[in-house]
Amino acid sequence: QVQLVESGGGLVQAGGSLRLSCAASGRTFSTYALGWFRQAPGKEREFVAAISWGGGSTAYADSVQGRFTISRDNTKNTVYLQMNSLKPEDTAVYYCAARRTYTGTSFLNEYPYWGQGTQVTVSS
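Throughout what follows, the structure given in this document is the object of discussion. These numbers come from a predicted model, not from an experiment.

Here we look at the state of the cysteines
Here comes step 1: As enumerated under the stated definition, the model contains 1 disulfide in all.
Here comes step 2: Disulfide partner of Cys22: Cys96, at an S-S distance of 2.2 Å. Taking the sign of the S-S torsion, about -80° here, the bridge from Cys22 to Cys96 comes out left-handed. On the criterion of sequence distance, the pair formed by Cys22 in strand 3 (residues 18-24) and Cys96 in strand 9 (residues 92-99) is long-range, its members being 74 residues apart. We note that Cys22, like Cys96, is buried.

Below, the structure written as structure tokens:
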């Protein structure tokens, strides 16, 4: 099993940047693919980005492509989400998720492990 703890959320103005981190417990972090999802008030949780266990393969939702970057440091058991050019519509609780396979996926039901989330608020 793996436990996930997100951090780095906060309040930022539109056009600004934030970097989210997700720290994982356990010695097998490098065998997990990771994903970032988000949930805005009154909306369903949606896919943001995913990264393979080695970091060589990434995927993004169309809404964040070119603005967000997912990366990981397996020596620190941490996955990151660099968010640039933030928009008010990016406001949501952001969740980190893990699954013990090579590649990530955009389907949230395929991730058995989840963090508690971190709030990101973008003001206009």
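This is not the end of the story, as more comes after the structure.
Observations regarding the pairing of strand 4 (residues 33-39)
Here comes step 1: Most of strand 4 is tucked away: 6 of the 7 residues are buried.
Here comes step 2: Bridging between strand 4 and strand 5 (residues 46-51) involves 5 bridges; their strand directions are antiparallel. Bridging from a neighbouring strand, Gly35 pairs with Ala50 of strand 5.
Here comes step 3: The antiparallel pairing of strand 4 with strand 5 creates a hairpin that spans 6 residues between the two strands, and Gly42 there sits at a positive phi of about 75°.

The rules behind the values
- Residues numbered from 1 in each chain as written.
- Predicted model: local features only at pLDDT ≥ 70, side-chain atom pairs only at ≥ 80, totals over all residues.
- Heavy atoms only, no water.
- Disulfide = S-S within 2.5 Å.
- Helix = DSSP H or I, 4+ residues; strand = E, 2+ residues; numbered from the N terminus.
- Buried < 20%, exposed > 50% of the residue type's maximum accessible area, 1.4 Å probe, protein only.
- Pairing = 2+ DSSP bridges.

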